[in-house]
Amino acid sequence: MPQIFLKIKAELENVKHLSPVRNNYWKFDIQTPQGGDERKGITVSEEDLMPLEGSRGEAHFIIKWPYTHEQAYIKIVNHRGVKSSYNEADSGEFVTILALECRNIEVTAWYPSEDFIVRTKNDTVFSKVDLSDRDWAEYDEEHDATVSVANLEYRFDTEA
């Protein structure tokens with residue numbers, strides 16, 4: 001099955017780790033491989049596991065496009081090229097944070113929201129970090145330091 005990889009890049013200030021929340025609901029736009037039909041804002045989560053019709057397999061998102069007989073699906077998969085967090089050493093570089101197996105679906109956009117947890121260089125933790133504006137900033141009062149994630153970018157790739 002074809003796999004696609006979600007890669008992110010950002011500038012980190014006083015951030016040790018930027019990590020997706022556990023059992024995150026990833027929000028995407030999808031379309032048919034031919035580009036004729038699309039759905040905006042669908043969610044995919046490891047918590048949502050559904051059986052595929054006529055198969056022993058399962059997927060995290062299933063759709064039947066109009067005018068087709070086959071199911072299309074997305075499955076979140078483990079892959080050795082996926083990192084569990086975006087680290088300070090990665091700042092400014094693209095890093096793979098998610099692997100998807102897609103059948104009869106093309107993922108066209110990703111919408112980050114309160115998808116992440118930030119651990120600062122001083123080990124202060126911020127949860128529900130909202131990256132929907134592609135920038136996030138906070139103040140670590142205990143350590144008198146600004147903390148930020150700036151210029152978040154993403155891309156989809158066929159290689160981890």
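Preceding block: the structure.
Residues numbered from 1 in each chain as written. Predicted model: local features only at pLDDT ≥ 70, side-chain atom pairs only at ≥ 80, totals over all residues. Heavy atoms only, no water.

Asks: For this particular structure, what's the right way to read the overall build of the protein chain?
Replies: Looking only at helices and strands, the protein chain has 0 helices and 15 strands in total. With respect to the principal axes defined by its C-alpha atoms, the protein chain has extents near 60 × 30 × 25 Å. Long-range contacts, defined here as pairs at least 24 residues apart, represent 58% of the contacts in the protein chain between residues at least 6 apart. Put simply, the protein chain shows about 9000 Å² of open surface, and 42% of that area lies on carbon and sulfur atoms. If the 18 positive side-chain charges of the protein chain are averaged to one point and the 30 negative ones to another, these points end up 7 Å apart. (Helix = DSSP H or I, 4+ residues; strand = E, 2+ residues; numbered from the N terminus. Contact = heavy atoms within 4.5 Å. Areas by Shrake-Rupley, 256 points an atom, 1.4 Å probe, with all protein chains shown as cover. Lys, Arg positive; Asp, Glu negative; His and termini not counted. Charge placed at Lys NZ, Arg CZ, Asp CG, Glu CD.)

Asks: In this structure, what is going on with the pairing of strand S10 (residues 95-103)? I would like to understand it.
Replies: Side-chain direction in a regular strand flips from residue to residue, so the side chains alternate between the two faces of the sheet. Of all the 9 residues making up S10, 8 are buried; the element is thus mostly covered by neighbouring parts of the structure. Bridge analysis of strand S1 (residues 3-13) against S10 gives 6 bridges, and the strand direction is antiparallel. Pairing of Ile 8 across the sheet is with Val 95, part of S10. In terms of strand pairing, strand S8 (residues 72-76) meets S10 through 4 bridges, oriented antiparallel. In the strand pairing of S10, Lys 75 is matched with Glu 101. (Buried < 20%, exposed > 50% of the residue type's maximum accessible area, 1.4 Å probe, protein only. Pairing = 2+ DSSP bridges.)

Asks: I tried to follow the pattern of salt bridges on my own but got confused; where do I start?
Replies: Pairing between side chains of opposite charge can happen when the charged atoms of each approach one another. Applying the stated criterion across every chain, the model contains 8 salt bridges. Among the salt bridges present, the one from Arg 39 reaches Asp 37, with a minimum N-O distance of 2.9 Å. In this structure Arg 39 comes out as partly exposed when scored by relative accessible area, which is 29%. Residue Asp 37 is classed as partly exposed on the basis of its relative accessible area of 22%. Salt-bridge contacts for Lys 83 lead to Asp 90; the nearest nitrogen and oxygen are separated by 2.9 Å. Relative accessible area serves as the criterion here: at 31%, Lys 83 is assigned to the partly exposed category. Take Asp 90: its relative accessible area is 12%, and that puts it in the buried class. (Salt bridge = Lys/Arg side-chain N within 4 Å of Asp/Glu carboxyl O.)

Asks: Looking at this structure, I do not really get the environment of Trp 136. What am I missing?
Replies: Topologically, Trp 136 is positioned in strand S14 (residues 136-140). Taking relative accessible area as the criterion, Trp 136 reaches 12% and is therefore assigned buried. Residues Trp 136 and Val 149, spaced 13 residues apart in sequence, show a C-alpha to C-alpha distance of 5.2 Å. In this view, Trp 136 contacts Val 118, Phe 126, Val 129, Asp 130, Leu 131, Val 147, Ser 148 and Val 149; residues no more than four positions away in its chain are not counted.

Asks: Mind showing me how you'd approach the sheet that holds S10 here?
Replies: Strands belonging to one sheet form pairs held by backbone hydrogen bonds; the direction of such a pair is parallel or antiparallel. Spatial ordering of the open sheet is given by S7-S8-S10-S1-S15-S14, a layout of 6 strands whose pairing is antiparallel. Each end of this open sheet is capped by a strand with a single partner; those strands are strand S7 (61-63) and S14. The sheet shows a mean angle of 20° between the axes of neighbouring strands, direction not considered. Bridge count for S1 against strand S15 (residues 145-157) is 8 bridges, and the pairing is antiparallel. By the bridge assignment for S15, Glu 13 is matched with Ser 148. (Axes fitted to C-alpha atoms, helices over the stretch in contact; angles between N-to-C directions.)

It is worth stressing that arrangement in space is one thing and function is another; only the former is reported here.
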